[in-house]
Amino acid sequence: MSEPSHVIRFSGLEQTFGRDDGSKVTALEDVTFDIGRNEFLAVLGPSGCGKSTLLRLIAGLIFPTRGEVSIYDLAVSEPRDEIGIVFQRPTLLPWFDVLGNVTFPLRHKYGRVTAEDKARARELLTLVGLSDFATKRIDELSGGMQQRVAIARALLLDPDILLMDEPFSALDALTRDEMSFELLRIWSERLKTVLFITHSIPEAVLLADRIIVMTPRPGRVREMIDVELPRPRSIGTLSEPRFHALANHIRGQLFTRAVA
Amino acid sequence: MRSPTISVDSSSPAPSPETKAPAAVFGPRLRLWADRLSPAGAFVALIVVWEGACRIFSIPTFLLPSPTAIVAAGLEVSPVQWLSNISATLRVALMGYFVAIAVSIPLAVALVNSRFLSRTLYPILVIVQSTPIVAVAPIIVVTLGASDLPRVVITFLITFFPIVVSTVTGLTATPEELIELSRSLRAGRAREMLHIRLPFAVPYIFSALKISITLAIIGAVVAEFVAAEHGLGFFIAFSTSFFKIPQAFAGLAVLVALSLVLFRVCTLAQRWFVPWSLPKSQR
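Not measured: the values here are computed from a predicted model.

Criteria and cut-off values
- Residues numbered from 1 in each chain as written.
- Chains lettered and ligands numbered in written order.
- Predicted model: local features only at pLDDT ≥ 70, side-chain atom pairs only at ≥ 80, totals over all residues.
- Helix = DSSP H or I, 4+ residues; strand = E, 2+ residues; numbered from the N terminus.
- Rg over C-alpha atoms; globule rule 2.2 N^0.38 Å.
- Buried ≥ 20, exposed ≤ 12 C-beta atoms within 10 Å, placed from the backbone.
- Contact = placed C-beta atoms within 7 Å.
- Pairing = 2+ DSSP bridges.
- Axes fitted to C-alpha atoms, helices over the stretch in contact; angles between N-to-C directions.
- Expected span 1.5 Å × (residues − 1).
- Domains from an automatic or database assignment.
- Core = buried A, V, L, I, M, F, W, Y, C linked by C-beta atoms within 7 Å.
- pLDDT = per-residue confidence, 0-100.
- Parallel < 35°, antiparallel > 145°, perpendicular 65-115°, else oblique.
- Left-handed = near helix turned anticlockwise from the far one by under 90°.
- Nonpolar A, V, L, I, M, F, W, Y, C, P; charged D, E, K, R; others polar.

## Quick word on the overall build of chain A
Alright, step 1. Secondary structure assignment for chain A yields eight helices and 10 strands.
Alright, step 2. In terms of overall size, chain A behaves like a compact globule, its C-alpha atoms giving a radius of gyration of 19 Å where 260 residues would be expected to give roughly 18 Å.

Put into structure tokens, the structure is as follows:
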């Protein structure tokens, strides 16, 4: 059986939420696109455009009002094992050390952690650059390091799909740039299909193969942009003319909309 | 280039005062001792002022006995009698306290899990809490008879509410992302409660346990005021009724000491068993 070229497919998606006063808010409308195998897709848009809703739909945490979300051509009807999630905040557990946090998904799902699991968690800590920090307490780590632990935790069950909900937006600017390059390195070592939610244009251009630009309420796909910057990308990429051209183009898209 | 290497250096223990120049050592040390001794100093000063005031103004002992008179009265009571009173009060207080813990935490879990239960039970709990237990205590004693049972019930009624409220607050304060993580792993409601919500509530629960342990002593004393043949509450009521005011004060001092020791045990228990739940400075 040949594998389909797409891993995730949104078709004719509409998502409305009921408010407390009985009125309805349309968060997403007529969203249709695919995400390919091992593609790094960034979803870019202003606040309240339903970016995070897209992520929660794939994760099976909420279900669409109309249309369908499918993973490997199977409609998402519950949370699936193929998915790892990194949230905006690291949300680690202070009562476990770093290693305990990385192995937490296994402890939580199956109730036990084997020596083999721990070895795998240590490998992941090495991958995210925290090999010496396995026994550290969470409050001994900086924000960037905590988010590295959260990435390792998301990779523990070796998911095909990595969902990232503005993972670096709570970090300071320097750490944020550093983490972007770290993520590119991690992704190149463990190829995954990535859905990366962000409201930072440079971040999206630097990281992604393709960018989906969303409109504000209701969220629609405004434009789909292929980022044809060569990989591996590095600090040099940031000064390439094509990088700036693309970033300016997207900025123009978002800005005209805001004025209109 | 990466932050870890930088952070290793900054997180290593700060150089100890010994490694600094000798001149710099004396000042901070002295200040440290002054800081440590100041609570005890304030306490001693209060006792001295109290004693002095009693002697200078010749305050009658039935109004305010001097500290020395209180100590003397305390020493007149045999150690065996002290021990039996202390153990009676302690037994009632701890029984009520542990029953309150055993009831309150599962109750809080149930309230958080069921909207129906929280809609129906919560108002009733608030009514129970709003009822002055001191006023109800005599009724409880009449209803439940003359044993430890009514005293434990009274203690329980005074102690349980803060534990329920704090535990509910803690259980619902869990970050939404962790609940989503749990759901994305399909771990189930029981594990979500056990692995995420309950541990997250631990700091809240310990705050309540510290409040409730002192309430438990109050509960036991209130119960002993109403009906008892022994216990520190009984001892104070008995002494007062015979105008042995210094002896009543001695009982009060023992009661305060008992309360402080129990509070301290709570604090230490938190530090030993769940140090992560304390701010860094208190570990």
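Further notes follow.
## A few points about the overall build of chain B
Alright, step 1. The secondary structure content of chain B amounts to 11 helices and zero strands.
Alright, step 2. Secondary structure elements of chain B occur, N-terminal to C-terminal, as α-α-α-α-α-α-α-α-α-α-α.
Alright, step 3. Relative to its length of 283 residues, chain B is extended, with a C-alpha radius of gyration of 25 Å against a globular reference of 19 Å.
Alright, step 4. Expressed as lengths along the three principal axes of its C-alpha atoms, the size of chain B is roughly 75 × 65 × 30 Å.
Alright, step 5. Counting every position in chain B, which comprises 283 residues, the buried fraction comes to 31%.
Alright, step 6. Taking as baseline every contact in chain B between residues at least 6 positions apart, the subset at least 24 positions apart corresponds to 74%.

## Examining the sheet that holds strand 1 (residues 6-18) of chain A
Residues and elements named next belong to chain A.
Alright, step 1. Here we have four strands laid out as an open sheet, ordered 2-1-4-5, and antiparallel in their pairing. Each end of this open sheet is capped by a strand with a single partner; those strands are strand 2 (24-36) and strand 5 (74-75).
Alright, step 2. Where strand 1 meets strand 2, nine bridges bridge the pair, whose relative direction is antiparallel. Each bridged residue has a counterpart across the sheet, and for H6 the counterpart in strand 2 is G36.
Alright, step 3. Of the strands in this sheet, strand 1, strand 2 and strand 4 (66-71) touch helix 1 (residues 51-58), which is tilted by about 65 degrees from strand 2.

## Re helix 11 (residues 245-273) of chain B
Residue and element names in this part refer to chain B.
Alright, step 1. Helix length check: helix 11, at 29 residues, gives a terminal C-alpha distance of 42 Å against a target of 42 Å (1.5 Å per residue), a fit within 8%.
Alright, step 2. Among all positions in helix 11, only P246, Q247, A248, F249, A250, G251, L255 and Q270 are buried.
Alright, step 3. For helix 11, the secondary structure elements touched by its buried residues are helix 3 (67-76), helix 9 (189-226) and helix 10 (232-241).

## Some words on the sheet that holds strand 8 (residues 193-198) of chain A
Two modes of strand pairing occur in sheets, parallel and antiparallel, and in both the strands are linked by backbone hydrogen bonds.
All names here are of chain A.
Alright, step 1. The strand order 6-7-8-3-9-10 describes an open sheet built from six strands, whose pairing is mixed. Each having just a single partner strand, strand 6 (83-86) and strand 10 (221-226) make up the two edges of the open sheet. Each strand axis lies, on average, 15 degrees off the axis of its neighbour in the sheet, ignoring direction.
Alright, step 2. Relative to strand 10, strand 9 (residues 210-214) is paired through five bridges, and the arrangement is antiparallel. Residue pairing across strands places M214 opposite V221, the latter belonging to strand 10.

## Side note on the domain arrangement of chain B
Alright, step 1. Examined at the domain level, chain B breaks down into domain 1 (16-56) and domain 2 (72-282).
Alright, step 2. Computed from C-alpha atoms alone, the centre-to-centre distance between domain 1 of chain B and domain 2 of chain B is 34 Å.

## Observations regarding the interface of chain A and chain B
Alright, step 1. Tallying the contact residues gives 26 residues for chain A and 21 residues for chain B.
Alright, step 2. Those elements that place two or more of their residues in the side of chain A that touches chain B are strand 6, helix 3 (104-110), helix 5 (143-155) and helix 6 (173-189) of chain A.
Alright, step 3. Residue contributions to the side of chain A that touches chain B peak at three residues, all from helix 3 of chain A.

## Considering the nonpolar core
Alright, step 1. Within the largest apolar cluster, 124 residues are counted, with the highest numbers of intra-cluster contacts made by L41(A), L44(A), I58(A), L163(A), L195(A) and F196(A).
Alright, step 2. Among the elements that take part in this core, helix 9 of chain B stands out by supplying 16 residues, more than any other.
Alright, step 3. Dropping the residues within four chain positions of it, L195(A) is found in contact with I35(A), L41(A), V43(A), L55(A), I58(A), L163(A) and M164(A).

## Side note on the confidence of the model for chain B
All names here are of chain B.
Alright, step 1. The share of residues in chain B with pLDDT of 70 or more is 91%, and the mean pLDDT across the chain is 88.
Alright, step 2. Taken element by element, chain B is modelled with least confidence in helix 1 (residues 3-11), mean pLDDT 40, and with most confidence in helix 4 (residues 79-113), mean pLDDT 96.
Alright, step 3. A low-confidence stretch, residues 1-22 (pLDDT under 50), is modelled with 16 contacts involving residues beyond four sequence positions or located in other chains.
Alright, step 4. Overall fold confidence for the complex sits at a pTM of 0.83, while the interface term, ipTM, reaches 0.88.

## Focus on the packing of helix 9 of chain B against helix 10 of chain B
Residue and element names in this part refer to chain B.
Alright, step 1. In the contact formed by helix 9 and helix 10, the axes pass within 7 Å of each other and the chain directions differ by 50 degrees. In terms of orientation, helix 9 and helix 10 fall into the oblique class. As helix 9 runs across helix 10, the sense of the crossing is right-handed. The residues of helix 10 that touch helix 9, namely those facing A220, V221, E224 and F225, are L232, G233, F234 and A237.

## Digging into the environment of R29(B)
Alright, step 1. Relative to the assigned elements, R29(B) resides in helix 2 (residues 22-56).
Alright, step 2. For the pair R29(B) and A173(B), spaced 144 residues apart in the sequence, the C-alpha separation amounts to 41 Å.

## Concerning the packing of helix 5 of chain A against helix 6 of chain A
Residues and elements named next belong to chain A.
Alright, step 1. Their axes nearest at 10 Å, the elements helix 5 and helix 6 cross at an angle of 25 degrees. The angle between helix 5 and helix 6 falls in the class roughly parallel. Viewed along their axes, helix 5 and helix 6 form a crossing whose handedness is right-handed. Side by side, helix 5 and helix 6 meet where G143, G144, Q147 and I151 of the first sit next to T175, E178, M179 and I186 of the second.
Alright, step 2. Residue composition of the contact of helix 5 with helix 6, by class: three nonpolar, four polar and one charged.

## Examining the pairing of strand 1 of chain A
Residues and elements named next belong to chain A.
Alright, step 1. Counted along the chain from strand 1 to the antiparallel partner strand 2, the turn is five residues long, and its residue G22 has a positive phi close to 95 degrees.
Alright, step 2. Judged from the five bridges that link them, strand 1 and strand 4 form a sheet pairing that is antiparallel. Its bridge partner lying in strand 4, E14 is registered against R66.

## Side note on helix 6 of chain A
Alright, step 1. Compared with the 24 Å implied by 1.5 Å per residue over 17 residues, the 25 Å span of helix 6 of chain A between its first and last C-alpha is a close match.
Alright, step 2. Among the residues making up helix 6 of chain A, those that are buried are M179(A), S180(A), E182(A), L183(A) and I186(A).

## So, the pairing of strand 8 of chain A
Residues and elements named next belong to chain A.
Alright, step 1. Of all six residues making up strand 8, six are buried, and the element is well covered by its neighbours.
Alright, step 2. The side-chain alternation of strand 8 yields two buried faces, one formed by T193, L195 and I197 and the other by V194, F196 and T198.
Alright, step 3. Across five bridges, strand 3 (residues 40-44) lies against strand 8 in parallel orientation. Paired with L44 across the bridge in strand 8 is T198.

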